[in-house]
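# Examination of the molecular architecture
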Amino acid sequence: MRKEINLHDDNILVDILIRYRPKLLKIAEGVLHSPTQSEDIFHDAVLKACTMQSSCVRCPVGYACRMVYNLALDEARKRSYEKLNMTPVDGMDSIPAPSVSALDCLVSTETLWEVLNSLNTLPKRTQDAFVRHRVDGIPQKDIAEELGVSRTLVNFMIKDAHRACQRTLRAA
(Lines give C-alpha, C1' and ligand atoms only; values in the text may rest on other atoms or scores of the structure.)
Protein backbone atom coordinates (compact mmCIF):
# COMPACT_ATOMS: atom_id res chain seq x y z
CA MET A 1 0.00 0.00 0.00
CA ARG A 2 1.38 3.37 -1.03
CA LYS A 3 1.35 6.20 1.48
CA GLU A 4 0.69 9.64 -0.03
CA ILE A 5 3.03 12.38 1.03
CA ASN A 6 1.54 15.79 1.73
CA LEU A 7 4.15 18.44 0.98
CA HIS A 8 2.21 21.60 1.77
CA ASP A 9 1.80 21.83 5.53
CA ASP A 10 -1.31 19.68 5.64
CA ASN A 11 -3.12 21.78 3.04
CA ILE A 12 -4.76 19.03 1.03
CA LEU A 13 -6.29 21.57 -1.36
CA VAL A 14 -2.87 22.79 -2.53
CA ASP A 15 -1.76 19.19 -3.02
CA ILE A 16 -4.91 18.42 -5.04
CA LEU A 17 -4.39 21.49 -7.21
CA ILE A 18 -0.84 20.44 -8.00
CA ARG A 19 -1.74 16.78 -8.54
CA TYR A 20 -4.61 17.61 -10.92
CA ARG A 21 -2.86 20.50 -12.64
CA PRO A 22 -3.37 19.28 -16.26
CA LYS A 23 -7.08 18.70 -15.69
CA LEU A 24 -7.51 22.08 -13.99
CA LEU A 25 -5.65 23.85 -16.79
CA LYS A 26 -8.06 22.27 -19.31
CA ILE A 27 -11.02 23.53 -17.26
CA ALA A 28 -9.64 27.07 -17.26
CA GLU A 29 -8.71 26.91 -20.93
CA GLY A 30 -12.22 25.75 -21.80
CA VAL A 31 -13.51 29.04 -20.40
CA LEU A 32 -10.72 31.43 -21.38
CA HIS A 33 -9.46 29.85 -24.64
CA SER A 34 -5.93 30.90 -23.72
CA PRO A 35 -3.21 28.63 -22.31
CA THR A 36 -1.32 31.59 -20.87
CA GLN A 37 -4.31 32.96 -19.00
CA SER A 38 -5.22 29.46 -17.87
CA GLU A 39 -1.79 29.20 -16.24
CA ASP A 40 -2.40 32.52 -14.50
CA ILE A 41 -5.77 31.31 -13.22
CA PHE A 42 -4.19 28.08 -11.96
CA HIS A 43 -1.54 30.07 -10.07
CA ASP A 44 -4.25 32.32 -8.60
CA ALA A 45 -6.09 29.22 -7.40
CA VAL A 46 -2.95 27.85 -5.74
CA LEU A 47 -2.31 31.16 -4.00
CA LYS A 48 -5.90 31.30 -2.83
CA ALA A 49 -5.71 27.72 -1.57
CA CYS A 50 -2.56 28.56 0.41
CA THR A 51 -4.53 31.08 2.46
CA MET A 52 -7.47 28.74 3.10
CA GLN A 53 -8.10 26.13 5.73
CA SER A 54 -8.67 23.02 3.70
CA SER A 55 -9.93 20.99 6.66
CA CYS A 56 -13.47 22.32 6.01
CA VAL A 57 -13.51 21.11 2.40
CA ARG A 58 -15.41 17.83 2.05
CA CYS A 59 -14.45 17.01 -1.55
CA PRO A 60 -11.11 18.68 -2.34
CA VAL A 61 -11.00 17.57 -5.99
CA GLY A 62 -14.46 18.93 -6.74
CA TYR A 63 -13.69 22.07 -4.77
CA ALA A 64 -10.45 22.63 -6.72
CA CYS A 65 -12.26 22.16 -10.04
CA ARG A 66 -15.01 24.59 -9.03
CA MET A 67 -12.48 27.13 -7.72
CA VAL A 68 -10.50 27.12 -10.99
CA TYR A 69 -13.69 27.26 -13.07
CA ASN A 70 -15.06 30.21 -11.05
CA LEU A 71 -11.76 32.12 -11.25
CA ALA A 72 -11.65 31.53 -15.01
CA LEU A 73 -15.26 32.63 -15.38
CA ASP A 74 -14.58 35.82 -13.39
CA GLU A 75 -11.59 36.56 -15.64
CA ALA A 76 -13.63 35.93 -18.78
CA ARG A 77 -16.38 38.26 -17.56
CA LYS A 78 -13.80 40.92 -16.70
CA ARG A 79 -12.25 40.64 -20.17
CA SER A 80 -15.67 40.83 -21.80
CA TYR A 81 -16.60 43.93 -19.78
CA GLU A 82 -13.30 45.62 -20.61
CA LYS A 83 -13.67 44.77 -24.28
CA LEU A 84 -17.13 46.34 -24.39
CA ASN A 85 -16.27 49.43 -22.37
CA MET A 86 -12.76 50.24 -23.47
CA THR A 87 -12.13 52.12 -26.67
CA PRO A 88 -9.02 50.95 -28.47
CA VAL A 89 -6.35 53.57 -29.08
CA ASP A 90 -7.02 53.25 -32.82
CA GLY A 91 -10.59 54.48 -32.31
CA MET A 92 -9.66 57.58 -30.34
CA ASP A 93 -9.92 59.76 -33.44
CA SER A 94 -13.58 58.86 -33.85
CA ILE A 95 -14.55 60.16 -30.40
CA PRO A 96 -15.88 63.68 -30.76
CA ALA A 97 -14.19 66.32 -28.64
CA PRO A 98 -16.46 67.97 -26.13
CA SER A 99 -17.78 71.15 -27.61
CA VAL A 100 -18.86 73.92 -25.30
CA SER A 101 -20.26 77.02 -26.87
CA ALA A 102 -19.87 80.48 -25.43
CA LEU A 103 -23.63 80.59 -24.91
CA ASP A 104 -23.54 77.36 -22.83
CA CYS A 105 -20.77 78.83 -20.66
CA LEU A 106 -22.72 82.04 -20.18
CA VAL A 107 -25.94 80.22 -19.23
CA SER A 108 -24.09 77.96 -16.80
CA THR A 109 -22.33 80.90 -15.19
CA GLU A 110 -25.56 82.88 -14.82
CA THR A 111 -27.33 79.87 -13.33
CA LEU A 112 -24.52 79.34 -10.84
CA TRP A 113 -24.70 83.01 -9.82
CA GLU A 114 -28.45 82.67 -9.29
CA VAL A 115 -27.94 79.62 -7.07
CA LEU A 116 -25.27 81.43 -5.04
CA ASN A 117 -27.58 84.43 -4.67
CA SER A 118 -30.38 82.18 -3.44
CA LEU A 119 -28.00 80.83 -0.79
CA ASN A 120 -27.26 84.41 0.25
CA THR A 121 -30.94 84.92 1.08
CA LEU A 122 -30.68 82.21 3.75
CA PRO A 123 -29.38 82.75 7.30
CA LYS A 124 -25.59 82.79 7.51
CA ARG A 125 -25.52 79.67 9.71
CA THR A 126 -27.62 77.73 7.18
CA GLN A 127 -25.36 78.84 4.31
CA ASP A 128 -22.26 77.77 6.22
CA ALA A 129 -23.72 74.40 7.20
CA PHE A 130 -24.74 73.70 3.60
CA VAL A 131 -21.42 74.70 2.04
CA ARG A 132 -19.34 72.95 4.69
CA HIS A 133 -21.30 69.72 4.33
CA ARG A 134 -21.99 69.60 0.57
CA VAL A 135 -18.84 71.29 -0.73
CA ASP A 136 -16.21 70.65 1.94
CA GLY A 137 -17.54 67.20 2.90
CA ILE A 138 -17.63 67.83 6.64
CA PRO A 139 -19.93 65.38 8.47
CA GLN A 140 -23.14 66.84 9.89
CA LYS A 141 -22.25 65.69 13.41
CA ASP A 142 -19.03 67.75 13.32
CA ILE A 143 -20.90 70.82 12.07
CA ALA A 144 -23.47 70.36 14.85
CA GLU A 145 -20.73 70.19 17.49
CA GLU A 146 -18.99 73.30 16.16
CA LEU A 147 -22.24 75.28 15.99
CA GLY A 148 -23.45 73.97 19.34
CA VAL A 149 -26.75 72.73 17.91
CA SER A 150 -28.37 69.33 17.42
CA ARG A 151 -27.61 67.10 14.47
CA THR A 152 -31.27 67.24 13.53
CA LEU A 153 -31.15 71.02 13.23
CA VAL A 154 -28.06 70.82 11.01
CA ASN A 155 -29.86 68.28 8.84
CA PHE A 156 -32.86 70.62 8.47
CA MET A 157 -30.60 73.59 7.66
CA ILE A 158 -28.92 71.60 4.88
CA LYS A 159 -32.29 70.47 3.52
CA ASP A 160 -33.58 74.06 3.54
CA ALA A 161 -30.54 75.27 1.61
CA HIS A 162 -30.86 72.39 -0.83
CA ARG A 163 -34.52 73.23 -1.47
CA ALA A 164 -33.62 76.88 -2.07
CA CYS A 165 -31.06 75.79 -4.69
CA GLN A 166 -33.59 73.48 -6.33
CA ARG A 167 -36.19 76.25 -6.54
CA THR A 168 -33.67 78.53 -8.20
CA LEU A 169 -32.65 75.84 -10.72
CA ARG A 170 -36.28 75.07 -11.59
CA ALA A 171 -36.97 78.75 -12.19
CA ALA A 172 -33.87 79.15 -14.39
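First things first, this report covers the structure right here in the doc. Please read all numbers here as calculations on a predicted model, not as lab measurements.

Counting residues in hydrophobic clusters, the biggest one holds 20 residues, and the most contacted among them are Leu17, Leu24, Ile41, Met67 and Val68. At six residues, the largest contribution of residues to this core is made by helix H4 (residues 60-85). The next biggest cluster of nonpolar side chains, apart from the first, holds 15 residues, and it includes Leu122, Ala144, Val154 and Ile158.

Our next topic: the packing of helix H7 (residues 140-147) against helix H8 (residues 151-171). Look at H7 against H8: their axes get within 8 Å of each other, and the N-to-C directions meet at 110°. Here H7 lies roughly perpendicular to H8, going by the angle between them. Contact residues: Gln140, Lys141, Ile143, Ala144 and Leu147 in H7; Arg151, Val154, Asn155, Met157 and Ile158 in H8.

All right, on to helix H3 (residues 35-50) then. Compared with the 22 Å implied by 1.5 Å per residue over 16 residues, the 23 Å span of H3 between its first and last C-alpha is a close match. On its buried face, H3 is in contact with helix H1 (12-19), helix H2 (21-32) and H4.

This next bit is on the packing of aromatic side chains. Where two aromatic rings form a pair, the distance of their centres and the angle of their planes describe that pair. A full pass over the atoms with the stated rule returns zero aromatic pairs. Stacked on the ring of phenylalanine 42, the Lys or Arg arginine 21 has its end atom at 5.4 Å from the ring centre.

With that settled, consider H8. For H8, built from 21 residues, the straight-helix expectation of 30 Å at 1.5 Å per residue is met to within 8% by its first-to-last C-alpha distance of 31 Å. Among the structural elements, helix H5 (102-120), helix H6 (124-135) and H7 are those in contact with the buried residues of H8.

This part is about the pattern of salt bridges. Note on pairing: side chains with opposite charge can pair once their charged atoms come close. This model, assessed by the stated rule, comprises five salt bridges. The shortest N-O distance in the salt bridge between lysine 124 and aspartate 128 comes to 3.5 Å. Here lysine 124 and its partner aspartate 128 are both found in helix H6, four residues apart, which amounts to about one turn of the helix. For lysine 124, a relative accessible area of 55% gives the class exposed. Using a relative accessible area of 32% as the deciding quantity, one classes aspartate 128 as partly exposed. Put simply, glutamate 146 and arginine 132 hold a salt bridge, and the shortest N to O gap is 2.6 Å. Taken together, the positions of glutamate 146 in helix H7 and arginine 132 in helix H6 put the pair 14 residues apart, joining distant regions of the chain. The exposure class of glutamate 146 is exposed, given its relative accessible area of 53%. Residue arginine 132 is classed as partly exposed on the basis of its relative accessible area, which comes to 23%.

The rules behind each value
Position labels on residues start from 1 in each chain and follow its written sequence. pLDDT decides what is reported in this predicted model: residues at 70 or higher carry local features, side-chain atom pairs at 80 or more are listed and counted, and totals for whole chains, interfaces and linings draw on all residues regardless. Calculated side-chain values reflect all of the structure's heavy atoms, with hydrogen atoms and water omitted. Remark: nonpolar core denotes a set of buried residues (Ala, Val, Leu, Ile, Met, Phe, Trp, Tyr, Cys) joined through side-chain atoms within 4.5 Å. Remark: exposure states derive from per-residue accessible area (1.4 Å probe, protein chains only) relative to the maximum for the residue type, with buried under 20%, exposed over 50%, and partly exposed in between. Each helix corresponds to a stretch of at least 4 residues labelled H or I by DSSP, and each strand to a stretch of at least 2 residues labelled E; elements are numbered beginning at the N terminus. Axis definition: a line fit to C-alpha positions, over the contact stretch in the case of helices; interaxial angles, taken between N-to-C directions, run 0 to 180 degrees. Each angle gets one of four labels, with under 35 degrees taken as roughly parallel, over 145 as roughly antiparallel, 65 to 115 as roughly perpendicular, and the rest as oblique. The contact criterion used throughout is that any non-hydrogen atoms of two residues lie within 4.5 Å. Given the number of residues in a helix, its expected span is that number minus one, multiplied by 1.5 Å. Paired rings are identified among Phe, Tyr and Trp, the last through its six-membered ring, by centres lying within 6.5 Å, and are further divided according to the angle between planes into stacked (under 30 degrees), edge-to-face (over 60) and tilted (the rest). Lysine NZ or arginine CZ positioned within 6 Å of the ring centre and within 35 degrees of the ring normal marks a charge as sitting over the ring. By salt bridge we mean one thing: a side-chain nitrogen of Lys or Arg within 4 Å of a carboxyl oxygen of Asp or Glu.

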